[in-house]
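Survey of secondary and tertiary structure
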Amino acid sequence: AATARIDLQQVLPGRRKGSRCVAPTSGLRKARRCDRIVRRGVLTRTSRAGANTVAFSGRVERTALPAGSYRAVLLATDAARNASRAATASFTIANK
């Protein structure tokens, strides 16, 4: 048994500014492109040993996530604070 933490991150376009990936601006239009990761929320669920499923409605704290590409980073921690390896799942929320 463990507590599962699901970090929801949106993948957005970005531009390189030095070693960082920042939001695109007109001044950076010739800079290299990159994928910018923006945290949109965290879900915490209790889980039992073995495989588990989590229902996801596309909302985080009553707020609907906007359309786009996302990834969910899952991390399980047991009572002794032993953490699992992070697992990543990609998904897309389409326009209505």
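Reference entry: report on the structure contained in this document. (Residues numbered from 1 in each chain as written. Predicted model: local features only at pLDDT ≥ 70, side-chain atom pairs only at ≥ 80, totals over all residues. Heavy atoms only, no water.)

**A look at the side chain of Q10**
As for its placement among the helices and strands, Q10 is situated in strand β1 (residues 2-17). Residue classification places Q10 among the buried residues on the basis of a relative accessible area of 4%. Setting aside anything within four residues of it in sequence, one finds Q10 in contact with R36, I37, V38, R40, P66, A67, G68, S69 and Y70. (Helix = DSSP H or I, 4+ residues; strand = E, 2+ residues; numbered from the N terminus. Buried < 20%, exposed > 50% of the residue type's maximum accessible area, 1.4 Å probe, protein only. Contact = heavy atoms within 4.5 Å.)

**Examining the state of the cysteines**
Counted under the stated rule, the structure contains one disulfide. Residue C21 pairs covalently with C34 via a disulfide, S to S 2.0 Å. The sign of the 95° torsion about the S-S bond sets the C21-C34 disulfide as right-handed. Here C34 lies in strand β3 (residues 33-47) and C21 lies in strand β2 (residues 20-22), a separation of 13 residues in the sequence. The partly exposed category is assigned to C21, whose relative accessible area is 22%. By relative accessible area, C34 is classed as buried at 12%. (Disulfide = S-S within 2.5 Å.)

**Focus on the side chain of S47**
Tracing the backbone shows S47 in strand β3. Setting aside anything within four residues of it in sequence, one finds S47 in contact with A1, A2, A4 and N52.

**Here's the deal with the nonpolar core**
Counting residues in hydrophobic clusters, the biggest one holds eight residues: I6, L8, L43, V60, L65, Y70, A72 and I93. Within the residue set of this core, elements represented by two or more residues are β1 and β6 (68-77). Aside from chain neighbours lying at most four places away, what touches Y70 is Q9, Q10, V11, R40, L65, A89, S90, F91 and I93. (Core = buried A, V, L, I, M, F, W, Y, C linked by side-chain atoms within 4.5 Å.)

**Examining the pattern of salt bridges**
Applying the stated rule across the entire model yields one salt bridge. Among the ionic pairs, D7 bridges to R39, the shortest N-O distance being 3.0 Å. Pair noted here: D7 is in strand β1 and R39 is in strand β3, with a separation of 32 residues, a long-range link. (Salt bridge = Lys/Arg side-chain N within 4 Å of Asp/Glu carboxyl O.)

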